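Chain residues, written in single-letter form:
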Amino acid sequence: MAPRRKKIYEGKAKILYEGTEPGTLVQYFKDDATAFNAQKKAVVEGKGVLNNRLSEFFMQGLTNIGVPNHFIRRINMREQLIRQVEIIPLEVIVRNFAAGSLSKRLGLEEGTQLPRPIVEYSFKNDELGDPMVSEEYIVAFGWATQQDLDDIVSLALRVNDFLSGVLFGVGIKLIDFKIEIGRIWDNDFMRLIVADEISPDSCRLWDLKTGQKLDKDVFRRDLGDLTDAYTEVARRFGLMPANTTSLKPTAIN
């Protein structure tokens, strides 16, 4: 019987286990779907498989263009090996079009193109509902330095350029997304790298022609089957058989 792995952390959509090599973790993608700070919950069969595969695809793409991130390799259908990082307690949000909370705050119609990509931050704290914070707060409370923030913005905009391009190429508009940033040390030298995941759980994705939502808003707003939406994104990138209509867990190996 295989020994039980040591669980390091469990979040709403993923579990982190101790890695197989020093300085690594195993990231397991769950089928759990949550919205409105976990007030709405469901288990969506196959979601974890799709997010694992899509996050691998996007992270590998970032690696290929020199954007540092925590991804090492996919282990199986639901797990990937990642570098262990010290997570900065911020969600870094990049917005290209108005949607969600931005539309509510500013009274902008969803889908309105913004004058330029806007980077904003929320403090990672579920109990507080991940409140928005300014750079002034971030520096004052020591979550990151001003130099860190400059580097974070640079990383976030590079991710935005990459994602916008590859998604546009398969007929998908990148409305907004969120990433997390982690610190790693090479001897005494600290670097910031992209961490967590990049998937339809963490992005707003609209079909370029129809405006159909292909992201977690399908679950938030009861717009249809979430697995079908995520499967469509994977299919467009050639990560699923072209004739796939819904996910069969054996479809991805």
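What counts and what doesn't
Residues numbered from 1 in each chain as written. Predicted model: local features only at pLDDT ≥ 70, side-chain atom pairs only at ≥ 80, totals over all residues. Heavy atoms only, no water. UniProt positions renumbered as here; feature names shortened; annotations may be inferred. Helix = DSSP H or I, 4+ residues; strand = E, 2+ residues; numbered from the N terminus. Core = buried A, V, L, I, M, F, W, Y, C linked by side-chain atoms within 4.5 Å. Buried < 20%, exposed > 50% of the residue type's maximum accessible area, 1.4 Å probe, protein only. Contact = heavy atoms within 4.5 Å. Pairing = 2+ DSSP bridges.

The name an unreviewed UniProt entry gives the protein chain is Phosphoribosylaminoimidazole-succinocarboxamide synthase, with Paracoccus saliphilus as the organism. As recorded by UniProt, the Sequence similarities (unreviewed entry) comment attached to the protein chain reads in full: "Belongs to the SAICAR synthetase family." The record held by UniProt for the protein chain lists under Catalytic activity (unreviewed entry) the comment "5-amino-1-(5-phospho-D-ribosyl)imidazole-4-carboxylate + L-aspartate + ATP = (2S)-2-[5-amino-1-(5-phospho-beta-D-ribosyl)imidazole-4-carboxamido]succinate + ADP + phosphate + 2 H(+)".

Before we go on, may I ask you to explain the UniProt feature "domain: SAICAR synthetase/ADE2 N-terminal" (unreviewed entry) in the protein chain in this structure?
On the UniProt side, "domain: SAICAR synthetase/ADE2 N-terminal" (unreviewed entry) is annotated at positions that read residues 7-236 here. Helix makes up 30% of residues 7-236 and strand 36%. Its end C-alpha atoms lie 34 Å apart.

What is the right way to read the nonpolar core from this model?
In this structure, Val 159, Leu 163, Ile 179, Ile 181, Val 194 and Ile 198 are the most contacted members of the largest nonpolar core, which totals 49 residues. Looking at this core element by element, the count peaks at eight residues for helix α4 (residues 146-169). With near-sequence residues (within four places) excluded, Ile 198 lies in contact with Leu 54, Ser 55, Phe 58, Met 59, Leu 62, Val 159, Leu 163, Ile 179 and Cys 203.

When you look at unusual backbone geometry in this model, what are you seeing that I'm missing?
Most of the time, phi is negative for any residue but glycine, and the peptide bond is trans. Of note in this structure, Asp 130 is not a glycine but carries a positive phi near 50°. As for its position among the elements, Asp 130 is in the loop between β10 (113-123) and β11 (132-133). A positive phi angle is found at Asp 222, which is not glycine, with a value near 55°. The exposure class of Asp 222 is exposed, given its relative accessible area of 62%.

Looking at this structure, I do not really get the pairing of strand β2 (residues 14-18). What am I missing?
On a regular strand, each side chain points to the face opposite its neighbour's, so the side chains alternate between the two faces of the sheet. Of all the five residues making up β2, four are buried; the element is thus mostly covered by neighbouring parts of the structure. Counting the residues between successive antiparallel strands, the hairpin from strand β1 (residues 7-10) to β2 contains three residues. Pairing analysis gives five bridges linking β2 to strand β3 (residues 24-29), with the strands arranged antiparallel. The residue bridging Glu 18 from the neighbouring strand is Leu 25, located in β3. Linkage of β2 to β3, two consecutive antiparallel strands, is achieved through a turn of five residues, within which Gly 23 is found at a positive phi near 75°.

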